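Structural features, examined
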Amino acid sequence: MDVDTRLLRSFAAVAAEGTLTRAAERLFVSQPALTKQIRQLETQLGVTLFTRSRAGMALTEPGRALLARVPALLADWDRAARETKSTAARAARVLRVGFVASAANEATQQIIASFARRRPGWRVDMRQAAWSNPTAGLAGSDVDAALLRLPFPCQDTLRVEVLFTEDRWVALPTAHPFATRDLIPFRDLWEEPFVAAPPETGRWREYWLATDEREGSPVRIGAVVDQPDDWLSAIANGYGIALTPESSARFYVRPGITYRPVSGVSPSQVAVAWAPVDDTNPVVQDFVHCCLDEGLDEGPTDRGHDRPGRSG
């Protein structure tokens, strides 16, 4: 019998957190999706792994037996998958870098050029991911490093260095009555419908809806999208508005959409991230150093550490 490692990761998260709600937040998935995964694993194994109650999820005896094996099993698989993919990339002298949306903004090309000077003959393969994959493939070992917006799933298990911060603005239809304002208080946007990422992205979606900064005011969802083009279309068509990095006003210019500064909402952070196993990978570390050297000039910064390889 073959078991999807995704199901085992979900099982381990629920066991660690003790509740489906906290585990879903940790995994950046919706609670119904996580419940379905646990039931699927129990069906495949033919056992009950958790006792469910209002207090949370308690491991059964078979569940405890499985948990004793799962961490080592997942670690071995992750190591094997990463080493296999990395070996192929090294043989081709290619560094795979995932990113979401505009990556590190204008600093991206400078970072790539700096890496090319450090590693003659190497090529950076930039791989854009959908919003439903906010780690841009890093969590699944599909890339060697990633340029990401915080927060993202599995953030606490990876190395992260913040490169710069930028304000969150709002994207709205040009015909919207707020489009002529020079500055919009976030409170004035609470009743507006928002264009959101898919529910399974969990905290990523909640961050860009700024649910923690609404003082309990519920969010109205006007549309759900997974790609920048669909996001732009939904806003231009009047289905909703959206919080977005200030740089979107430069990278996502489109007729019918206006970008305006917003007050009363925290800024966004851009970071370079990589797996702890690559702390000693000289190629990955060269890329990290290039990001720190070039990305820190992009704007106001909030570096977590003085040297790469120590955060996470």
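Up top is the structure.
What comes next is a walk through the structure.

Criteria and thresholds
- Residues numbered from 1 in each chain as written.
- Predicted model: local features only at pLDDT ≥ 70, side-chain atom pairs only at ≥ 80, totals over all residues.
- Heavy atoms only, no water.
- Helix = DSSP H or I, 4+ residues; strand = E, 2+ residues; numbered from the N terminus.
- Contact = heavy atoms within 4.5 Å.
- Pairing = 2+ DSSP bridges.
- Axes fitted to C-alpha atoms, helices over the stretch in contact; angles between N-to-C directions.
- Parallel < 35°, antiparallel > 145°, perpendicular 65-115°, else oblique.
- Left-handed = near helix turned anticlockwise from the far one by under 90°.
- Phe/Tyr/Trp six-rings, centres within 6.5 Å; stacked < 30°, edge-to-face > 60°.
- Buried < 20%, exposed > 50% of the residue type's maximum accessible area, 1.4 Å probe, protein only.
- Lys NZ or Arg CZ within 6 Å of the ring centre and 35° of its normal.
- Salt bridge = Lys/Arg side-chain N within 4 Å of Asp/Glu carboxyl O.
- Core = buried A, V, L, I, M, F, W, Y, C linked by side-chain atoms within 4.5 Å.
- Arc of directions from axis to C-beta.

A word on the environment of Pro267
- Within the secondary structure, Pro267 sits in the loop between strand S12 (257-263) and strand S13 (268-274).
- Here Pro267 is in contact with Glu166, Asp167, Arg168 and Tyr207, once residues within four sequence places are set aside.

Concerning the sheet that holds strand S11 (residues 242-245)
- Spatial strand order, S8-S12-S7-S11: four strands in an open sheet with mixed pairing. Taken across any chain shown, the strands that pair with only one partner, and hence form the sheet edges, are strand S8 (184-185) and S11.
- Pairing between strand S7 (residues 168-173) and S12: five bridges, direction antiparallel. Bridging across to S12, Trp169 finds its partner in Pro261.
- Where helix H7 (residues 228-236) meets the sheet, it contacts S7, S11 and S12, and its direction lies at approximately 90° from that of S12.

Quick notes on the packing of helix H1 (residues 5-17) against helix H2 (residues 20-27)
- It is at 8 Å that the axes of H1 and H2 come closest, and there the two elements cross at 125°. When the interaxial angle is binned, H1 and H2 end up oblique. Our pair here, H1 against H2, has a crossing hand that is right-handed. In this structure, H1 uses Arg9, Ser10, Ala13, Val14, Ala16 and Glu17 to contact H2, whose residues at the interface are Leu20, Arg22, Ala23, Arg26 and Leu27.

Things to note about the packing of aromatic side chains
- Evaluation of the coordinates by the stated rule reveals seven aromatic pairs.
- With a centroid separation of 5.1 Å and 90° between ring planes, the pair formed by Tyr207 and Trp208 is classed as edge-to-face. We note that Tyr207, like Trp208, is buried.
- Sitting over the face of the ring of Tyr207, Arg168 holds its NZ or CZ atom 3.9 Å from the ring centroid.
- Positioned over the ring face of Phe194 is Arg214, at 4.7 Å from the centre of the ring.

Some details on the sheet that holds strand S5 (residues 145-150)
- The mixed open sheet is built from five strands, whose spatial order is S4-S3-S5-S13-S6. What marks the edges here is a single partner per strand, and that holds for strand S4 (123-129) and strand S6 (159-166). With direction set aside, neighbouring strand axes in the sheet form an average angle of 25°.
- Note that S6 and S13 share seven bridges and pair antiparallel. Residue pairing in the sheet places Arg159 in a bridge with Trp274 of S13.

Description of the pattern of salt bridges
- All told, the structure shown has 15 salt bridges when counted by the stated rule.
- Here Arg6 makes a salt bridge to Asp4, at a shortest N to O gap of 3.5 Å.
- Close ionic contact of Glu215 with Arg187 constitutes a salt bridge, the shortest N to O distance being 3.2 Å. A residue pair is termed long-range when its members are at least 10 positions apart, and Glu215 in the loop between helix H6 (203-209) and strand S10 (220-224) and Arg187 in the loop between S8 and strand S9 (193-196) qualify at 28 residues.

Here's the deal with the nonpolar core
- In this structure, Phe186, Leu189, Val195, Trp231, Leu243 and Tyr259 are the most contacted members of the largest nonpolar core, which totals 50 residues.
- Apart from the residues lying within four places of it in its own chain, the contact partners of Phe186 are Phe194, Leu209, Ala210, Glu213, Arg214, Leu243, Val262, Ser263, Gly264 and Val265.
- One finds Trp274, Val284, Phe287 and Cys291 within the second-largest nonpolar core, a separate group that totals 24 residues.

So, H7
- Residues of H7 that are buried: Pro228, Trp231, Leu232, Ala234 and Ile235. Down the axis of H7, the smallest arc covering the buried residues is 165°, so these residues share one side.
- Tucked inside the fold, the buried residues of H7 contact S4, S7, S9, S10, S11 and S12.
- Positive backbone phi, approximately 85°, marks Gly238, located one or two places after H7.

Things to note about H2
- Among the residues of H2, Leu20, Ala23 and Ala24 are the ones counted as buried. Each buried residue of H2 sits inside an arc of 100° when the element is viewed along its axis, so together they form one side.
- Those residues of H2 hidden inside the fold are in contact with H1, helix H3 (31-45) and strand S2 (56-59).
- Backbone geometry just downstream of H2 places Phe28 in the positive-phi region, at approximately 60°.

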